[in-house]
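Here is how the chains run, residue by residue.
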Amino acid sequence: MTETTHAHPAAPPPGDGAKSRSPEYRLAYRLARNALRGLRHDLIHNAFDYRPLPRRETNGRLVRLLPGRLREYAGWAPHALIVAISLLAFGVSDLAFGVSDSSFDVILDLLAVIPVLMSLVRPVGAFWMSMGATVVSTLFGDIGDYWPWPAGSFVCHLAVLTVVALRTGPRTAAWMWVLTALYGMSAKILIGHVGPYYHGINTGPMLVLSALILLCVAVWHIRRSAEEEVTAQQTVTAHERSRRTLLEERTTIARELHDVVAHHMSVVAIQAEAAPYRVENPPPELERAFATIRENAVAALTELRRVLGVVRAEDYEAPDAPQPTLADLDALLANVRDTGLDVEKVVTGAVRELPQGVELSAYRIVQEALSNSLRHAPGASARVEIGYVLGGLGLRIVNGPVPAPNLVKPSPGAGHGVTGMRERVTMLNGEMTAGPTDDGGYEVAVFLPVASVNEGDA
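Since we're looking at a predicted model, the values are computed, not measured. In this numbering scheme, every chain counts its residues from 1 along its sequence in written order. The model is predicted, so local features are restricted to residues of pLDDT at least 70 and side-chain atom pairs to those at 80 or more, both for listing and for counting; the totals for chains, interfaces and linings are taken over all residues. Heavy atoms throughout the structure, all of them, feed into the side-chain values; hydrogens and water do not.

The salt bridge definition used is simple: a Lys or Arg side-chain nitrogen within 4 Å of an Asp or Glu carboxyl oxygen. Overall, the coordinates contain nine salt bridges when judged by the stated rule. Close ionic contact of Arg 223 with Glu 227 constitutes a salt bridge, the shortest N to O distance being 3.3 Å. In this pair, Arg 223 and Glu 227 both sit in helix H9 (residues 203-274), four residues apart, roughly one turn of the helix. The shortest N-O distance in the salt bridge between Asp 330 and Lys 345 comes to 2.9 Å. Of the two residues, Asp 330 sits in helix H11 (residues 329-338) while Lys 345 sits in strand S1 (residues 343-348), which places them 15 residues apart along the sequence. Relative accessible area decides the class of each residue, using a 1.4 Å probe on protein chains only: under 20% of the type maximum gives buried, over 50% gives exposed, and in between gives partly exposed. We classify Lys 345 as partly exposed; its relative accessible area is 30%. One connected set of salt bridges, linked through shared partners, spans Glu 344, Arg 383, Glu 385, Arg 396 and Glu 443. Starting at the N terminus, helices and strands are each numbered in turn, a helix being any DSSP run of H or I of at least four residues and a strand any DSSP run of E of at least two.

Let us now look at the confidence of the model for the protein. Mean pLDDT over the protein works out to 81, with 80% of the residues at or above the 70 mark. Looking across the protein, the model is least confident in helix H10 (residues 284-311), with a mean pLDDT of 76, and most confident in helix H5 (residues 114-118), with 95. Confidence of the predictor at the level of single residues is given by pLDDT, which spans 0 to 100. Contacts are assigned to residue pairs that have any heavy atoms within 4.5 Å of one another. Ignoring residues within four places in sequence, the model shows residues 1-9, a span with pLDDT below 50, making zero contacts including any to other chains. Of the regions scoring below 50 in pLDDT, residues 454-458 engages in zero contacts with residues more than four places distant in sequence or in other chains.

This paragraph deals with the environment of Cys 216. Along the chain, Cys 216 turns up in helix H9. Note on Cys 216: relative accessible area 54%, which makes it exposed. In this structure, the C-alpha to C-alpha distance between Cys 216 and Thr 162, residues 54 residues apart in sequence, is 9.6 Å.

Helix H12 (residues 356-376) packs onto H11 with a crossing angle of 10 degrees between their chain directions and a minimal axis gap of 11 Å. In this view, H11 runs roughly parallel relative to H12, as classed from their interaxial angle. Between H11, through Leu 329, Leu 332, Leu 333 and Val 336, and H12, the contact on the second element is made entirely by Tyr 363, Val 366, Gln 367 and Leu 370. All residues other than Ala, Val, Leu, Ile, Met, Phe, Trp, Tyr, Cys, Pro, Asp, Glu, Lys and Arg, Gly among them, are scored as polar; the first ten of these are nonpolar and the last four charged. For the contact of H11 with H12, a count of residues per class yields seven nonpolar, one polar and no charged. To obtain an axis, a line is fitted to C-alpha atoms, over the contacting stretch when the element is a helix, and the angle between two such axes runs from 0 to 180 degrees between their N-to-C directions. Put simply, angles under 35 degrees are roughly parallel, angles over 145 are roughly antiparallel, angles from 65 to 115 are roughly perpendicular, and the rest are oblique.

Our next topic: the packing of aromatic side chains. Only the six-membered ring of Trp is used, alongside the rings of Phe and Tyr, when aromatic pairs are assigned; centres must lie within 6.5 Å, and planes under 30 degrees apart are stacked while those over 60 apart are edge-to-face, with the rest tilted. Summed over the entire model, instances satisfying the criterion amount to three aromatic pairs. Ring centres of Trp 149 and Tyr 183 lie 5.2 Å apart, and the angle between their planes is 75 degrees; this geometry places the pair in the edge-to-face category. Highlighted residues: Trp 149 in the loop between helix H6 (123-140) and helix H7 (151-167) and Tyr 183 in helix H8 (residues 170-191), separated in sequence by 34 residues. Each member of the pair, Trp 149 together with Tyr 183, is buried.

On a regular strand, one side chain projects to one face of the sheet and the next to the other, so that they alternate. Examined bridge by bridge, S1 and strand S2 (residues 382-389) share six bridges and lie parallel to one another. The residue of S2 that forms the bridge with Val 346 is Glu 385. Seen with its strands pointing away from the viewer, a crossover is right-handed when the path leading from the first strand over the helix to the second is clockwise. Viewed along the sheet, the connection from S1 through H12 into S2 turns out left-handed. Two strands qualify as a pair provided that DSSP identifies no fewer than 2 bridges between them.

Here is the structure:
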């Protein structure tokens, strides 16, 4: 006998039925599941959490126009508006209809007020409270033609939808509108055909008005989110631009100081190589010491050029002329005067030779300050003060106000000149202040310390 065994396909495990369906079914199933998760997250999970409405900030443009005392209370304006709407709902509920039992009169009027006030502290719970209050008012109130939302409940529910949508987001607003529509259609199907209610249904006006309000709120949310995103992006961009400018300024300073340091290191190497020949019969120890000095100077110069090669741009070309010093300041001022800026130079103290790094930084600071004066205060006069004081060098560059600000449009410039000046001052452990003057001009004050050298030091 021959036995034949037929293999039957194993039944899919529970919960995997959707995987054997068509792609359209899986897509619809996934969308429905995500939608239910959104409903649970927005309106069910922790629906009655305590979330009080925060006080509004009072730094807006319109709020700043108010007097001091009113400005203090302006932060509570949203709270006062919600309380006023609750009173409006109470008045509409009290005037629109009565109840069969007088003991329910005040209770039903309060049901139109409590959900609105509740939106101040428990927004999502206020929505469910409004839905429940609407059902109670419909069942126990003499509503007449206002059905399934009595007049007070109509105002209350619209107010609650608006406040909750403003405090949450567009997705929550969409879910509230859907549940409101489901309630209206369910009420019509269940009891809408009974008595005069069928001819007085107000579900249509409720859905149309609430849709318009929630649409405006959603647009406001989207615009606010876009503005916050743009502001955050602008902040990041400004930070990156400032950081890039800082690196560029440091690179420029490194390039300029390379010539100064390289010159000194070259002098050290040459002097160390020539020193043994200036002494008759120098001892071997002295020759080895000078040889070591020369080797270290050459090695330091090589490393300096290698480091500079890292920060130097590919298209950078070393200047043919030596780096400028304060001795070249007169030529700079002459060029500035040719552009139309009336600039005056004042030197105080005993003029003396300073380290080349200090001279270069001082020259660049004066150059940048005068460039800022040309860009931001065209037509104004400027004054450059150089003070040789004990322990350092003082600089003060100040320009007057623009003669005719209504007629002359200054160039905005890049706005990074002060950053470069601060970098140079920080590099030399100096101090700097920059800011507007009382008469409408601008002042840059700098002190660059210079270590004093004793006469007996070699």
